[in-house]
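These are the residues of each chain, in order.
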Amino acid sequence: MPDDLFFHNPEDLAKARDAVFSATLDRIFEHHPHYSRLYREKGVLRSDISGIADIGRLPVTSKADFVGRPEDFTLKLPDTFDATERIVWDVMYTTGSTGDPTPFVSTSYDFLNILALNRNMLRLRGVTANDVILNLFPLTRHPHGAFARAMNAAASFGIPVVAAMPGAPSPRHPQLGNRMDEVCALAARTDATILWGVPSYMRKMLGRAEELGVRLPSVRLVFVTGEGFGEEARRDLVDRLKRLGASDPKISVSYGSTEMQGGMVECTPGSGYLNPAPLQFYFEAVDPETHQPVPDGEEGLILLTHLDRRGSTVLRYALGDTARLTRTICPHCGALTERLVSIPVRRDGFVKIKGMLVNPQAMVDALAAEGDIVDFQAFVEKEDEDDVLSMDRLRIRFRARDDSAEVGRRAAEKVKATIGVTPLMEPVGVSDSVLEGAGWKAKPIIDLRKKPQ
Ligand SMILES: [Zn+2]
């Protein structure tokens, strides 16, 4: 079997993909609650789908389909199948339709695939056996990719990782977690060569390191997952690292999703985002309205198909973004796989705040249930409006029935519990009109952030 990233021609790759996809399809038609029901209703038979070539016969799956009944998207395999295909290894969470995040289940079988995927992501990003990763993701209330991914990726590649655990995960364990100054010291002490985390945090941390006189000469790679991470932001991080002694730091951006348990990555800055596991994932770009395929390299709605999963499994799943997709060999590294050659643009009404995917409707529902709030309007903005690279902030203007300080505190807690973002609550007087523009019913969150260059 050739290296899964470097098949010699598209025919060989297609054959290898169909081999794993065929086994997945056999299980889906029989044992996937959602798809077995849907395909029966639509009259689609297993024999109609010989492989990826026939995938257009399957209907597109929306995020709403999945988050509405996530349990119906996990294969229910009988015990005639190997135990590794059925054992739940872990459950990660993605944004849900209500306040509850949606579980995404991986079996032991899937976890090995995830490790292989992580390994390929590191290979494409140019990691070597001499690298040391500093994991700058904080612990989160619900497990989601970021923190665990950096740990697992290191395991898949046989290199050291240090988890900086920024912040205070819990008042029950005051000894866990590190303040920013401690994180800076840790970065220097471990001589990390790779920084991996949320760009806005990393930027603050590098600023603080400069103030403290910390040197980070060994840093050569920075991994960011980047909605809205543009050229200006890339230059800024590189400049900051150079001031800390790094000689030629490179920023590697990925386009990640819970449904991938990883992300599409750049092999070199500006290469576009490569599918790092062509035997696990198949990507398409289709017309957002008609769902007909668009020509190679043209903008379309991006669909993800799991070719080889056993836990939560989706076929032709709209990730919620449009981008330009090409299947030509990457001119930079020679990989034969799908590549997004434009920055994906969100189309499904979800909003990213501080790197977290947020469903505005969930926030509206939570606030609407607070009887003491008469009306409100939410804004996403930058802490410093003149600085597109500063931290995101969620600001909620509201009018309360009585003591606005108490109501605001309670509402902030509720919003934090619902969408994971702590808002800045801004009470307004009785005579002020809170509702501006289209009003929150039409547009629950107004995004004031300037788009990056
Ligand atoms: Zn490449």
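Here, every reference points to the structure presented above.
Residues numbered from 1 in each chain as written. Predicted model: local features only at pLDDT ≥ 70, side-chain atom pairs only at ≥ 80, totals over all residues. Heavy atoms only, no water.

Visitor: Sorry if this is basic, but what is going on with the packing of helix α6 (residues 180-189) against helix α7 (residues 199-212) here?
Guide: Helix packing for two helices is described by the angle between their axes and how far apart those axes are. Contact pair α6 / α7: the axes reach a minimum separation of 9 Å and the direction vectors enclose 80 degrees. Classified by the angle their axes make, α6 and α7 are roughly perpendicular. Where α6 approaches α7, its residues M180, D181, V183, C184 and A187 are matched on the opposing element by Y201, K204, M205, R208, A209 and L212. For the contact of α6 with α7, the per-class residue count stands at eight nonpolar, no polar and three charged. (Axes fitted to C-alpha atoms, helices over the stretch in contact; angles between N-to-C directions. Helix = DSSP H or I, 4+ residues; strand = E, 2+ residues; numbered from the N terminus. Parallel < 35°, antiparallel > 145°, perpendicular 65-115°, else oblique. Contact = heavy atoms within 4.5 Å. Nonpolar A, V, L, I, M, F, W, Y, C, P; charged D, E, K, R; others polar.)

Visitor: Is there a simple way to think about α6 in this case?
Guide: Because each turn of an α-helix spans 3.6 residues, side chains separated by three or four positions in sequence point in the same direction. Listed in full, the buried residues belonging to α6 are V183, C184, L186 and A187. For α6, the angular spread of the buried residues around the axis is 160 degrees, confining them to a single face. Elements that come into contact with the buried residues of α6 comprise β3 (133-135), β4 (161-163) and α7. Where α6 terminates, the next one or two residues include D191, which has phi positive at roughly 55 degrees. (Buried < 20%, exposed > 50% of the residue type's maximum accessible area, 1.4 Å probe, protein only. Arc of directions from axis to C-beta.)

Visitor: Mind showing me how you'd approach the packing of aromatic side chains here?
Guide: For any pair of aromatic rings, geometry is given as the distance between the ring centres together with the angle between the planes. Tallying each qualifying case throughout the model produces 10 aromatic pairs. Centroid distance F29 to Y39: 5.0 Å. Interplanar angle 40 degrees. Geometry classified as tilted. Of the two residues, F29 is situated in helix α1 (residues 10-31) and Y39 in helix α2 (residues 33-42); the sequence distance between them amounts to 10 residues. Owing to a relative accessible area of 13%, F29 belongs among the buried residues under this scheme. A ring pair is formed by W89 and F111, whose centres lie 4.5 Å apart and whose planes are at 10 degrees; its orientation type is stacked. Here W89 is found in strand β1 (residues 88-94), whereas its partner F111 is found in helix α4 (residues 108-124), with 22 residues between them in sequence. (Phe/Tyr/Trp six-rings, centres within 6.5 Å; stacked < 30°, edge-to-face > 60°.)

Visitor: Explanation requested: the coordination of the zinc ion in the structure shown.
Guide: When a metal holds four donors in a tetrahedron, each ideal angle between them is 109.5 degrees; when it holds six in an octahedron, the ideal angles are 90 or 180 degrees. Coordination sphere of the zinc ion, protein contribution only: C267 (SG), C330 (SG) and C333 (SG), at 2.2 Å. Between consecutive donors of the zinc ion, the numbers of intervening residues give the motif C-x62-C-x2-C. In this pair, C267 sits in the loop between β8 (262-265) and β9 (273-274) while C333 sits in the loop between β12 (317-326) and β13 (339-340), placing the two residues 66 residues apart along the sequence. (Donors = N, O, S within 2.8 Å, 3.2 Å for Na, K, Ca; no water.)

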